[in-house]
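Residues per chain, in single letters:
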Amino acid sequence: MRLLFTGFNAFGQHEFVNGNAGDCNAGLREIKTLLSDKNQCTISIAWRYSALALGRKLYLQGLLAEYPGECVTLEAAGDIKALAAGDTHCLVLLHSGQLYRVKPNLKAELLPVRLEAPPRSSSNLGTKRSIFGIPKAPELPASPVVEHIACGSHINVAISSENAVYSIPSCLHQFSGRQFRVEQLECGHEHAVLLNGNGDVFTWGNGLRGQLGQAVLKAEEAPHLVEALAGIKVNIWPAYTYLLAVIIRRERVFQITRIAAGGWHSAAISAFGDLYTWGLNCSGQLGVRVMKPGGLLKEPTVYPLPQLHDLAECGCSTASADDDCAPLGVFAGSRHTLVIRRCGGLWATGWCRYNQLGKQLHLLRQQQKNQSYLDVFQPLDGITLDTSSDRVLCGPWSTVIFSGKICAS
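First, a word on what this report is: a plain description of the structure on this page. (Residues numbered from 1 in each chain as written. Predicted model: local features only at pLDDT ≥ 70, side-chain atom pairs only at ≥ 80, totals over all residues. Heavy atoms only, no water.)

**Some words on the packing of aromatic side chains**
Going through the model one piece at a time under the given rule, you end up with 13 aromatic pairs. A ring pair is formed by F11 and W47, whose centres lie 5.1 Å apart and whose planes are at 80°; its orientation type is edge-to-face. Taken as a pair, F11 in the loop between strand 1 (2-7) and strand 2 (29-30) and W47 in the loop between strand 3 (41-45) and strand 4 (49-54) lie far apart in primary sequence, 36 residues in all. Relative accessible area serves as the criterion here: at 38%, W47 is assigned to the partly exposed category. A ring pair is formed by W351 and W397, whose centres lie 5.3 Å apart and whose planes are at 80°; its orientation type is edge-to-face. One end of the pair, W351, is in strand 25 (residues 345-351); the other, W397, is in the loop between strand 27 (391-395) and strand 28 (398-403), with 46 residues separating them in the sequence. Among the aromatic residues, ring-to-ring pairing joins F8, F11, W47, W351, Y354 and W397 into one connected group. When the ring centre of F16 is taken as origin, the NZ or CZ atom of R29, which lies over that ring, is 4.1 Å away. In this structure, R391 is placed above the aromatic ring of F402, and the distance from its NZ or CZ to the ring centre is 4.0 Å. (Phe/Tyr/Trp six-rings, centres within 6.5 Å; stacked < 30°, edge-to-face > 60°. Helix = DSSP H or I, 4+ residues; strand = E, 2+ residues; numbered from the N terminus. Buried < 20%, exposed > 50% of the residue type's maximum accessible area, 1.4 Å probe, protein only. Lys NZ or Arg CZ within 6 Å of the ring centre and 35° of its normal.)

Here is the structure:
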């Protein structure tokens, strides 16, 4: 497994195996790191530094104090499960559910984060007594076990095993019901997007740029269901019992399976392969045209409701039907968006000034009146991913691919 990078690296956030030479036509470079099959590799990228975890080891590299390429190595109390790198700090989650915070500087240290206990239900508010009527000492709330973390420039979110939502360290919402299961959590600069096991999408935070997927542009302090995406489900109950299984299968096809949060935009993909984007489109990050035909007038900059996309035909040699090339996964940086198709093709749109969309798309936008963006999804030539094992990660101005071999011959 290799880590392949393209994008902004002016602060020495990454060191490369072959210097500045690209590994394939797309211009991706391999990050120099000690990957091991024994230890899980986790990476998160902020604007001025990167955070990489291998087992218990945590490596911070970039502009940590005065100079590019500065590096600090830390060791956690247990194996690291997830990282969330922000501008001023990095959240570190262990497999045990313990949460730590570390400031990206040369004196960095892992500091435990104490989350407040969620509010007790009304049934637990009374004083507990023994069988003889003697009041019992109140039980101290157990420290929440964290399962998901994410952070942006102005937002830090954690989700506990009890489905409590934290704006660290405060508990701002408690999802009710044991059947509620969080599948994915993502953060933009000022907003959060959550996907549950039922395919429902919830958003909260600053929504003044349409990134929450709500009809009204405003801030939401607690998670709210994105009704426009919930409406794509099929909730019609059949009159006959033998149709029930068919309807259930159909609902699963239409539910949302993947989400992404960019700087001020969001995206989602359904099990059927429908791609939706919404929010700010200043650099074409939604895959929607920025300028009207003729290039004199602008299209709307903000799209508050999810926009359904019809991607161009893939043209790959492996596709035998339309479903073979349907969108499968979506990822977002500050102002760019990437989509993996079921055939393994990687498509991208948005801001590409620092090659965050790959070398070829960078050259393509230069040919188009020296634009600094693409406003329609285009394929990254020379890349075919293994959809069963390869992963994609977007930093604010960069893209990283976890892959064994992606470059076409």
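**Section: the side chain of S50**
Among the secondary structure elements, S50 is positioned in strand 4. Setting aside its immediate chain neighbours within four residues, S50 contacts Q13, H14, S44, I45, Y59, L60 and Q61. (Contact = heavy atoms within 4.5 Å.)

**Topic: the pattern of salt bridges**
A full pass over the atoms with the stated rule returns 8 salt bridges. We note a salt bridge from K57 to E75, for which the minimum N-O separation is 3.5 Å. Taken together, the residues span a long stretch of sequence, with K57 in strand 5 (residues 57-62) and E75 in strand 6 (residues 70-75) at a distance of 18 residues. Taking the relative accessible area as the measure of exposure, K57 reaches 33% and is therefore partly exposed. Across the salt bridge formed by E220 and K218, the nearest N and O atoms sit 3.7 Å from each other. According to the relative accessible area criterion, E220 is buried, its value standing at 12%. (Salt bridge = Lys/Arg side-chain N within 4 Å of Asp/Glu carboxyl O.)

**Regarding the sheet that holds strand 9 (residues 99-102)**
Read across the sheet, 4 strands follow the order 7-8-9-10 without closing on themselves; strand pairing throughout is antiparallel. Edge positions in the open sheet fall to strand 7 (80-85) and strand 10 (111-112), since each of these has one partner strand only. Bridge count for strand 9 against strand 10 is 2 bridges, and the pairing is antiparallel. Paired with Y100 across the two strands is P112, which belongs to strand 10. (Pairing = 2+ DSSP bridges.)

**So, the nonpolar core**
L58, V92 and V102 are the most contacted members of the largest nonpolar core, which totals 20 residues. When residues of this core are traced back to their parent elements, those giving at least two are strand 4, strand 5, strand 6, strand 7, strand 8 (90-94) and strand 9. Ignoring anything within four residues of it in the chain, the contact list for L58 reads A51, L52, A53, V72, T73, L74, I80, L83, V92, V102 and L110. Counting 17 residues, the second largest nonpolar core, distinct from the first, contains I340, L380, I383 and V392. (Core = buried A, V, L, I, M, F, W, Y, C linked by side-chain atoms within 4.5 Å.)

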